[in-house]
Amino acid sequence: YCNENFYRSDDWIGCISKQTYNIVKHVSRKEPRAPWSLSYVPHGINVNKFYPLPDNDKELVELRERLFNGEEVDYVVFYNSRNIRRKMTSDILLAFDVFMKKLPEEKRKKCRMVMHTQTVDEHGTDLPVVIRDVVPDIEPYVIFSNERIEAKHINIMYNVADVTINLSSNEGFGLGTCESIMAGTPIIVNVTGGLRDQCGFTNDDG
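Just so you know, these numbers come straight off a predicted model, no measurement behind them. (Residues numbered from 1 in each chain as written. Predicted model: local features only at pLDDT ≥ 70, side-chain atom pairs only at ≥ 80, totals over all residues. Heavy atoms only, no water.)

(A) The arrangement of the side chain of Thr-177 in detail. Mapped onto the secondary structure, Thr-177 falls in helix α8 (residues 175-182). For Thr-177, a relative accessible area of 2% gives the class buried. A polar side-chain atom of Thr-177 sits 3.0 Å from the main-chain carbonyl oxygen of Gly-174. (Helix = DSSP H or I, 4+ residues; strand = E, 2+ residues; numbered from the N terminus. Buried < 20%, exposed > 50% of the residue type's maximum accessible area, 1.4 Å probe, protein only. Polar contact = N/O pair within 3.5 Å; in protein donor to acceptor, adjacent residues only side chain to side chain.)

(B) Broad picture of the packing of aromatic side chains. Under the definition given, this model contains four aromatic pairs. Note on Phe-96 and Phe-99: the rings are 6.3 Å apart at their centroids and 35° apart in plane angle, and the pair reads as tilted. One end of the pair is Phe-96 and the other is Phe-99, both in helix α4 (residues 89-101) and three residues apart, which spans about a single turn. Judged by relative accessible area, Phe-99 falls into the partly exposed class, the value being 31%. By way of ring pairs, the aromatic residues Phe-50, Phe-78 and Tyr-158 are connected into one cluster. (Phe/Tyr/Trp six-rings, centres within 6.5 Å; stacked < 30°, edge-to-face > 60°.)

(C) Structural view of the sheet that holds strand β6 (residues 163-166). The strand order β5-β4-β3-β6-β7 describes an open sheet built from five strands, whose pairing is parallel. The open sheet is flanked by β5 (142-145) and β7 (187-189), the only strands paired with a single partner. Recorded for the sheet is a direction-independent mean angle of 25° between the axes of neighbouring strands. Both strand β3 (residues 75-80) and strand β4 (residues 111-116) contribute to a ladder of six bridges, which runs parallel. In the sheet register, Val-77 faces β4, and the bridge partner there is Met-113. (Pairing = 2+ DSSP bridges. Axes fitted to C-alpha atoms, helices over the stretch in contact; angles between N-to-C directions.)

Functional significance is not addressed by these values, which are geometric in nature.
Right under this line is the structure:
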């Protein structure tokens with residue numbers, strides 16, 4: 001309710017997630033908004049930029065070779081987001097460590113975590129130090145990608161991955177995981193903010 005006066009001062013509010021839409025509608029119960037003044041306007045994803053690629057796609061094969069130095073890799077977890085506190089980036093490393101410790105050694109050797117993010121951010125943490133001091137066992141299996149790349153190459157990375165992960169504690173929408181879905185790669189997410197919209201939850205009425 002702390003934002004109630006801000007909501008009331010707007011003629012129209014466009015919400016990028018159903019959760020935000022419901023919050024604004026709930027907060028506005030004292031003075032219900034006109035139907036036209038509150039809209040659910042979800043993000044759109046360009047289907048010409050994010051889409052599944054065949055396994056034999058030349059650039060896909062080349063990226064796998066480059067990322068994994070020609071090593072045989074069977075399972076890839078992909079993280080594509082900022083290294084900031086609410087994204088829980090260190091928690092993702094901890095989760096990957098727990099996951100890896102549950103695997104037999106032969107399978108563990110064929111898993112990788114690819115993190116397309118800043119390795120160090122003043123609003124997040126120093127990820128190499130987290131690995132070194134907290135989860136050193138996964139160090140050989142984590143690959144960082146921190147250069148800005150165009151959408152075409154991000155799409156290839158989604159296609160390299162077996163799953164894309166976002167454990168953000170709060171998320172307006174989560175474009176990275178939505179792009180991943182469009183590329184045909186499943187996601188692991190928290191049920192928060194716009195990430196809920198990407199999970200396909202429905203009630204008894206559909």
